[in-house]
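Notes for the structure review
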Amino acid sequence: MSRWSRRLLRLAALALGCVFTMAYAHDATIVYYDISGNSANALRRQLNAKGPLDVSGKRFDAYTRWYVRWRYRYRPTASGCEFTNVTVSVEGTITLPRWVDESDAPQALEQDWNRYVAALHRHEQGHYVHGLDAARDIEALGRSFHAAGDCSTFVADFNRQASAITKRYSAMDATYDRDTDHGKSQGAVFP
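In this text the structure is predicted, and so the values were computed from the model without any measurement.

With respect to the pairing of strand 4 (residues 80-99)
Judged by how many residues are buried, strand 4 sits mostly within the fold: 16 of 20 residues are covered. The pairing of strand 2 (residues 29-35) with strand 4 spans 7 bridges and is parallel. Looking at strand 4, one finds that Thr 29 is bridged to Thr 93. Taken together, the 15 bridges between strand 3 (residues 63-77) and strand 4 define a ladder with antiparallel strand orientation.

Points about the packing of helix 2 (residues 40-50) against helix 3 (residues 107-144)
One way to put it is that helix 2 packs onto helix 3 with a least axis distance of 11 Å and a crossing angle of 35°. Taking contact as the criterion, the partners of Ala 40, Leu 43, Arg 44 and Leu 47 in helix 2 are, on helix 3, Leu 109, Trp 113 and Tyr 116. For the contact of helix 2 with helix 3, the residue count by class is 6 nonpolar, no polar and 1 charged.

Overview of the nonpolar core
Grouped together as the largest cluster of nonpolar side chains are 40 residues, with contacts concentrated most on Val 68, Trp 113, Tyr 116, Ile 138 and Phe 158. Mapped by element, the contributors of at least two residues to this core are strand 2, helix 2, strand 3, strand 4, helix 3 and helix 4 (151-180). A per-element tally of this core places helix 3 first, with 12 residues. Excluding residues that lie within four positions of it along the chain, Trp 113 makes contacts with Ile 35, Leu 43, Leu 47, Pro 97, Trp 99, Glu 102 and Phe 190.

A look at the side chain of Asp 177
Residue placement: Asp 177 occurs in helix 4. For Asp 177, which is buried and forms no salt bridge, the nearest opposite charge comes from Arg 178, at a distance of 9.0 Å. If we ignore the near neighbours within four places in the chain, the residues touching Asp 177 are His 123, His 127 and His 182.

Thoughts on helix 4
An ideal rise of 1.5 Å per residue puts 44 Å on 30 residues; helix 4 measures up with 43 Å between its terminal C-alpha atoms. Turning to helix 4, its buried residues are Cys 151, Phe 154, Val 155, Phe 158, Ala 162, Ile 165, Thr 166, Tyr 169, Asp 173, Tyr 176, Asp 177 and Thr 180. Structurally, helix 4 contributes buried residues whose contacts are with strand 3, strand 4 and helix 3.

Looking at unusual backbone geometry
For residues that are not glycine, phi is negative in most cases, and the peptide bond is trans in most cases. Across the junction of Phe 190 and Pro 191, the peptide omega takes the value -15°, indicating a cis bond. Along the chain, Pro 191 falls in the segment after helix 4. In this model, His 182 sits at a positive phi of 55°, which is unusual for a non-glycine residue. Tracing the backbone through its elements, the reader meets His 182 in the segment after helix 4.

Rules of the game
- Every chain is numbered independently, its residues counted from 1 as its sequence is written.
- At least 70 in pLDDT is required for a residue's local features to be given in this predicted model, at least 80 for side-chain atom pairs to be given and counted, and no such filter applies to totals for whole chains, interfaces and linings, which use all residues.
- Heavy atoms throughout the structure, all of them, feed into the side-chain values; hydrogens and water do not.
- The buried label goes to any residue with under 20% of its type's maximum accessible area, the exposed label to any with over 50%, and the partly exposed label to all in between, with areas taken from a 1.4 Å probe on protein chains only.
- For the purposes of this entry, the term helix denotes a DSSP run of H or I that reaches at least four residues, the term strand denotes a run of E that reaches at least two, and both are numbered from the N terminus.
- DSSP calls a pair of strands paired once it identifies at least 2 bridges connecting them.
- As a rule, the C-alpha atoms of each element are fitted with a line to give its axis, helices using only the stretch in contact, and angles between N-to-C directions run from 0 to 180 degrees.
- Should any heavy atoms of two residues lie within 4.5 Å, those residues are counted as being in contact.
- Amino acid classes used here: Ala, Val, Leu, Ile, Met, Phe, Trp, Tyr, Cys and Pro are nonpolar; Asp, Glu, Lys and Arg are charged; the rest, including Gly, are polar.
- Among buried residues, the Ala, Val, Leu, Ile, Met, Phe, Trp, Tyr and Cys ones that are joined through side-chain atoms within 4.5 Å form a nonpolar core.
- For the charge count, each Lys or Arg is scored as positive and each Asp or Glu as negative, with His and the chain ends excluded.
- Any Lys or Arg side-chain nitrogen located within 4 Å of an Asp or Glu carboxyl oxygen qualifies as a salt bridge.
- One less than the number of residues in a helix, times 1.5 Å, gives the span that helix is expected to have.

Dropping the structure here:
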């Protein structure tokens, strides 16, 4: 959607007294950590030693971090308060291994590695989808949000509910890892 189209939609929404919301989602940023080795066991040792740490300090072969941010404008009304604009964005980073001396390896090992990394990436994308879904839910909340009280109560209630949405999707990340055994049931097994 062009900048001009967004501006027209925003003006139309304000003219109609509607809340205008828009979610901005970017593809997750992919970052790599380098590993090397000429055997599956050597690569596994490198993954175990260099893989990213999750929030609890446990090391994994890959890790996805997402963050949902919301901003809004509001105005007092005769009945309390209302949003004039809510903008939701999501950012994410997927950390994956990169085998730097892959070209020196046997073809069978290279094929196993490529299959593994593809499955690992698909698994991590599943985590990022939780961030995207959280952003969509917060956007929907902004469109339909009503709360009694003054603007400070209104804003506090919205922030509490939006935060609860992100916590729910963070919990879904944990369930997803438990259900897939951190991607193993999706083919993310090496060696």
